[in-house]
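# Examining the three-dimensional arrangement
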Amino acid sequence: MSQIKQQRIAATYMRGGTSKGVFFKLDDLPKAAQQAGEARDNLLLRVIGSPDPYAKQIDGMGGATSSTSKTVILAKSQQPNHHVDYLFGQVAIDKAFVDWSGNCGNLTAAVGAFAINAGLVDASTLPQNGLASIRIWQANIQKTIVAHVPMLNGEVQECGDFELDGVTFPAAEVQIDFIDPADGEGALFPTGNLCEQLEVPGIGSLQATMINAGIPTIFVDAKQLGYSGVELQEDINNDEKALAMFESIRAHGALKMGLIDSLEQAAQRQHTPKVAFVAKSQNYQSSSGKQIKAEDNDLCVRALSMGKLHHAMMGTAAVAIGTAAAIPGTLVNQAAGGGEREVVRFGHPSGNLKVGAQAQQVDQQWQVTKVSMSRSARILMEGWVRVPSNSF
């Protein structure tokens, strides 16, 4: 009989937007996992229940989807004028791999609340009632995000009447501002073009907009792929040929964007870039059976995350959508009807979402200063997770 014991680690299980994940304070992690590296990755894999060849994550906290196979590590910020440092790890389901290459915009909505509840924010600086503006340093992408967290009688207010498509129950609204969300080391449009042809062997030449705002994203035209733009998860995720096509588009787009040096590297960067297909707004039935009217949206967007069509919309991809929609000439802007706009409302598999973006042209280069959207968040469970002590 094995003599291996389980080790318990303080953790909080939270929903943020249309995702949920396991949240940790950095100094609650075992010493070996407080630094980036193999020990940390192995610990998080075991917490979530990966790698799982059955793709169910039965022996862990993961929910066997990209939206529920997530981890967050938070600490008091080391950056001036910020409250908390936020590190996000996207855990692969059937592979021994944690992707640190991007942010999770949905879980961002839970970061402010966790930081307040965990004592990472000086309580004397928080309002008793109203909104607490928590400045977050997103360590994966080196960007500032501001979460406006509702407070009631000195405590985070989680319950409310704000409804978010893709989430069953209403909750308190949390507005998220992504400040200067474009990659600081590169252009908003890495190839220099608002819209161009992307050559994908075996598929052909596709019209594409490749943008780096919120998260690197490749937008393509739904019609060119033979889709309407109102597909639901089962229309894509049960089609292995379609999934292989989207992965090929993603790999070739990543190469053209300069994110990878060879196509083979795409497999080690599953979280980024994202692939999305766009179409003009139209009537459709959402995954919950809700009737979505064409006049309620500016366009329709479907996006893939970790190789599968997302059930709603990733928060970071929503940043990319809002930014691209605000810039005339992009594929997203064209699908929305063209022209300048500061707000876009788009349809996704679970319903619709409104995003605001402030974009401007400086010295013939497009820049985005802020993208805003509303989400919600809630603590689902708190206490300890347990993992075998030999797992990291």
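To keep things clear, this report deals only with the structure shown in the data block. (Residues numbered from 1 in each chain as written. Predicted model: local features only at pLDDT ≥ 70, side-chain atom pairs only at ≥ 80, totals over all residues. Heavy atoms only, no water.)

### Remarks on helix 2 (residues 105-117)
Along helix 2, the sharpest change in direction is near 30° and occurs at Val111. In terms of burial, helix 2 is largely enclosed, as 12 of its 13 residues are buried. Listed in full, the buried residues belonging to helix 2 are Gly105, Asn106, Leu107, Thr108, Ala109, Ala110, Val111, Gly112, Ala113, Phe114, Ala115 and Ile116. With its phi angle positive at about 75°, Gly119 sits one or two positions after the end of helix 2. (Bend = angle between axes of the 7 residues up to and from the residue. Helix = DSSP H or I, 4+ residues; strand = E, 2+ residues; numbered from the N terminus. Buried < 20%, exposed > 50% of the residue type's maximum accessible area, 1.4 Å probe, protein only.)

### So, the pairing of strand 20 (residues 365-375)
Pairing of strand 9 (residues 174-179) with strand 20, which is carried by 6 bridges, proceeds in the antiparallel orientation. Paired with Phe178 across the bridge in strand 20 is Val371. Here strand 19 (residues 351-362) runs beside strand 20; their pairing, made up of 7 bridges, is antiparallel. Bridging across to strand 20, Gln360 finds its partner in Gln367. Between strand 19 and the antiparallel strand that follows it, strand 20, lie 2 residues; Asp363 among them carries a positive phi value of about 50°. (Pairing = 2+ DSSP bridges.)

### Focus: the side chain of Arg341
Summarising the element assignment, Arg341 is placed in the loop between helix 6 (331-335) and strand 18 (343-348). A relative accessible area of 18% places Arg341 in the buried class. Among the polar contacts made by the side chain of Arg341, one reaches the main-chain carbonyl oxygen of Ala336 at a distance of 3.0 Å. When residues no more than four places from it in sequence are discounted, the contact partners of Arg341 are Asp298, Ala325, Ala326, Ala336 and Ala357. (Polar contact = N/O pair within 3.5 Å; in protein donor to acceptor, adjacent residues only side chain to side chain. Contact = heavy atoms within 4.5 Å.)

### Considering the environment of Ala377
Inspection of the secondary structure puts Ala377 in strand 21 (residues 377-388). Measuring from C-alpha to C-alpha, the distance between Ala377 and Ile218 comes to 28 Å, with 159 residues separating the pair along the chain.

### A few points about the pattern of salt bridges
With the rule as written, the count across this model stands at 7 salt bridges. For Asp180, the salt bridge identified is with Lys143, shortest N-O distance 3.3 Å. Within this pair, whereas Asp180 is found in the loop between strand 9 and strand 10 (196-200), its partner Lys143 is found in strand 7 (residues 143-152), the two being separated by 37 residues in sequence. Assessed through its relative accessible area of 9%, Lys143 is described here as buried. Arg250 is paired through a salt bridge with Glu247; the nearest N and O atoms lie 3.0 Å apart. Separated by 3 residues within a single helix, Arg250 and Glu247 lie in helix 4 (residues 240-257), roughly one turn from each other. The class for Glu247 is partly exposed, based on a relative accessible area of 32%. (Salt bridge = Lys/Arg side-chain N within 4 Å of Asp/Glu carboxyl O.)

### Quick word on unusual backbone geometry
Of note, the amide linkage connecting Ser50 to Pro51 takes the cis form, showing an omega dihedral of 0°. In this structure, Pro51 sits in the loop between helix 1 (38-48) and strand 3 (70-76). With an omega dihedral of -10°, the bond running from Thr272 to Pro273 counts as a cis peptide bond. Topologically, Pro273 is positioned in the loop between helix 4 and strand 13 (274-280). Despite not being glycine, Ala55 has its phi angle at roughly 60°, a positive value. Locating Ala55 in the fold gives a position in the loop between helix 1 and strand 3. We classify Ala55 as partly exposed; its relative accessible area is 33%. The residue Gln142 is not glycine, and still its phi comes out positive at about 60°. Relative to the helices and strands, Gln142 is located in the loop between strand 6 (130-138) and strand 7.

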